Amino acid sequence: MLELTYQDRKGILSSQEITDYMAASKDILARVKKGEERYGDSLGWLDPDQWGGEAALSYLEEKAARVREIADAFVLIGVGGSNNSARAVIKALRKPGMPEIFYAGNSISPHSARCLLKELENRSVYINVIAKNFETLEPGLGFRILRRFLEEKYGCEAKKRISATGTKGSWLDKLCKEYGYDFFIFPDDIGGRFSAICDVGLFPMAVAGMDIRGLVQGAKDMRQRLMSGEEDNVAYRYAIIRNLLYKKGFRVEMLSFFEPRFRYFGKWWTQLLAESEGKDGKGAYPVTAECSEDLHSVGQFVQEGSPVIYETFLNVKERDFSYVLEADGVDDRFDYVNGRDLWDINQAAFGATCQAHGDRLPVFGLTVDRLDAYHFGQLFYFFEFGIYLSGSLLGINPFNQPGVEAYKNYMFRALGKK
Ligand code: PA5
């Protein structure tokens, strides 16, 4: 279950404003639920069954089991939407006894490349390059470096340890056919940042032993929930309120969490919001805060800086780890926590921060029951649907990202790409 609350102690938005905007935007909600024809080439994620159905899941589980038979290190080569969803889940829910997952193709740093190759030296390695158009430099170079590494390590057996996820008929598909690499599908009708529930996100997750069925079920249950309601539709409410706040000058959304296991989910979320809404001179700038650490840096700005931020607190209801602090006889002046569980102390810090920040800013609360694959599925779908809606309210196309071409053009020119 996922719960959304909204607190606005300063009364920046009246409940009437929210109700009116919701009533006035019902046609947008209806269009988004159906999926608009103009975005037909980007809506493959809207029904999780389309690319995450039973046949796909069984196939991926079988392929993942084979990878685990031959490898104890799996390198996911990809950047942006091609690695963010899998990394978010794997880093948060890492399981013992599974291959270690490494990430490449998301940096051009020679230091990173050298460190990775060193780490892989004494391991049994398998690589999966994920690229929708296979023109992005980072995964292209990462693939070349890792391919060479595997060829030197395994000779002609290397091809059994290489797979690619790309669109059918793409250059990557062609390379797979020519060199005998395994090929997975990057659906034509799904953009990178919406690709959690298809081979892109699910294959690496399956290799890492993640519960991909639970994840897909979470997304399906969230879809069912969002397809049925209006006033009580949590994604609609989120989209409506954040657009009203935007109109009132709140130009930064901060996703804050007290659980560091959400760190890479934060990266996924940042990409989803920034690339979907940051265009045509519009959009709220997404930032994340990993608390409590970041309270000691950006906390000051939030409490007293420019009043442009609203905050979304992501929290987990059920305790899954515990550490009780015992007195040790040393008078370190922290005895007031004797006998208390770190989980509860963290929750106390969370509650106090909601209180303090809520005195000044509008704040959303987003709570999931527990940190597991099912709830990641819920979160992925909630935000994807919510941002499709929010972008539509804002009047932009949430599915393209023309702005990212600007630096690429300069870079390709500098590198002499024809
Ligand atoms: O969301 C998107 O579509 C982008 O951020 C892409 O995921 C990212 O640019 C990587 O693209 P590609 O998979 O083509 O290398």
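Residues numbered from 1 in each chain as written. Predicted model: local features only at pLDDT ≥ 70, side-chain atom pairs only at ≥ 80, totals over all residues. Heavy atoms only, no water.

## Concerning the overall build of the protein
Turning to step 1, where the next piece is worked out: Within the protein, the secondary structure is distributed over 16 helices and ten strands.
Turning to step 2, where the next piece is worked out: Taken over the C-alpha trace, the protein has a radius of gyration of 23 Å; the compact-globule value for 418 residues is 22 Å, and the two agree within 12%.
Turning to step 3, where the next piece is worked out: Referenced to the eigenvectors of the C-alpha coordinate spread, the extents of the protein come out at roughly 65 × 65 × 45 Å.
Turning to step 4, where the next piece is worked out: Burial statistics for the protein: of 418 residues in total, 52% are counted as buried.
Turning to step 5, where the next piece is worked out: Taking the contacts inside the protein whose residues are at least 6 apart along the sequence as the reference set, 80% of them involve residues at least 24 apart.
Turning to step 6, where the next piece is worked out: Surface accessibility of the protein: about 19,400 Å² in total, with carbon and sulfur atoms responsible for 52%. (Helix = DSSP H or I, 4+ residues; strand = E, 2+ residues; numbered from the N terminus. Rg over C-alpha atoms; globule rule 2.2 N^0.38 Å. Buried < 20%, exposed > 50% of the residue type's maximum accessible area, 1.4 Å probe, protein only. Contact = heavy atoms within 4.5 Å. Areas by Shrake-Rupley, 256 points an atom, 1.4 Å probe, with all protein chains shown as cover.)

## Some thoughts on a negative patch on the surface
Turning to step 1, where the next piece is worked out: On the surface, a cluster of negative charge is contributed by Asp328, Asp331, Asp332 and Asp335.
Turning to step 2, where the next piece is worked out: Its location among the elements puts aspartate 331 in the loop between strand 9 (309–316) and helix 14 (342–358).
Turning to step 3, where the next piece is worked out: On the accessibility criterion, aspartate 331 (65% relative accessible area) is exposed. (Patch = residues over 30% accessible without salt bridge, like charges linked within 9 Å, V, L, I, M, F, W, Y side chains within 5 Å. Salt bridge = Lys/Arg side-chain N within 4 Å of Asp/Glu carboxyl O. Lys, Arg positive; Asp, Glu negative; His and termini not counted. Charge placed at Lys NZ, Arg CZ, Asp CG, Glu CD.)

## Observations concerning the pairing of strand 2 (residues 73–77)
Turning to step 1, where the next piece is worked out: Counting buried residues along strand 2, five of its five residues qualify, which places the element largely inside the surrounding structure.
Turning to step 2, where the next piece is worked out: In strand 2, alternate side chains face the same way, and those of Ala73, Val75 and Ile77 on one face and Phe74 and Leu76 on the other are all buried.
Turning to step 3, where the next piece is worked out: Taken together, strand 2, helix 5 (residues 84–93) and strand 3 (residues 100–104) constitute a β-α-β crossover, and its handedness is right-handed.
Turning to step 4, where the next piece is worked out: Where strand 2 lies against strand 4 (residues 125–130), five bridges are found, and the strand directions are parallel. Its bridge partner lying in strand 4, valine 75 is registered against isoleucine 127. (Right-handed = clockwise from strand over helix to strand, strands pointing away. Pairing = 2+ DSSP bridges.)

## What about the pairing of strand 9?
Turning to step 1, where the next piece is worked out: Summarising burial for strand 9: eight of the eight residues are buried, a large majority.
Turning to step 2, where the next piece is worked out: Of the two faces of strand 9, the one lined by Ile309, Glu311, Phe313 and Asn315 and the one lined by Tyr310, Thr312, Leu314 and Val316 are each fully buried.
Turning to step 3, where the next piece is worked out: Sheet topology note: the strand 7 (residues 252–257)/strand 9 ladder contains six bridges and is parallel. Directly across from phenylalanine 257, in strand 9, lies its bridge partner leucine 314.
Turning to step 4, where the next piece is worked out: Across six bridges, the pairing between strand 9 and strand 10 (residues 363–368) is parallel. Note that in strand 10 the partner of phenylalanine 313 across the bridge is glycine 365.
Turning to step 5, where the next piece is worked out: The parallel pair strand 9 and strand 10, bridged by helix 14, forms a crossover whose chirality is right-handed.

## Points about unusual backbone geometry
Turning to step 1, where the next piece is worked out: Here the bond from cysteine 291 into serine 292 is cis, since omega is 10°, no more than 30 degrees from zero.
Turning to step 2, where the next piece is worked out: Looking at the element boundaries, serine 292 is found in the loop between strand 8 (285–290) and helix 13 (298–304).
Turning to step 3, where the next piece is worked out: Its identity as a non-glycine residue notwithstanding, phenylalanine 134 has a phi of 50°, on the positive side.
Turning to step 4, where the next piece is worked out: Mapped onto the fold, phenylalanine 134 is located in the loop between strand 4 and helix 7 (137–154).

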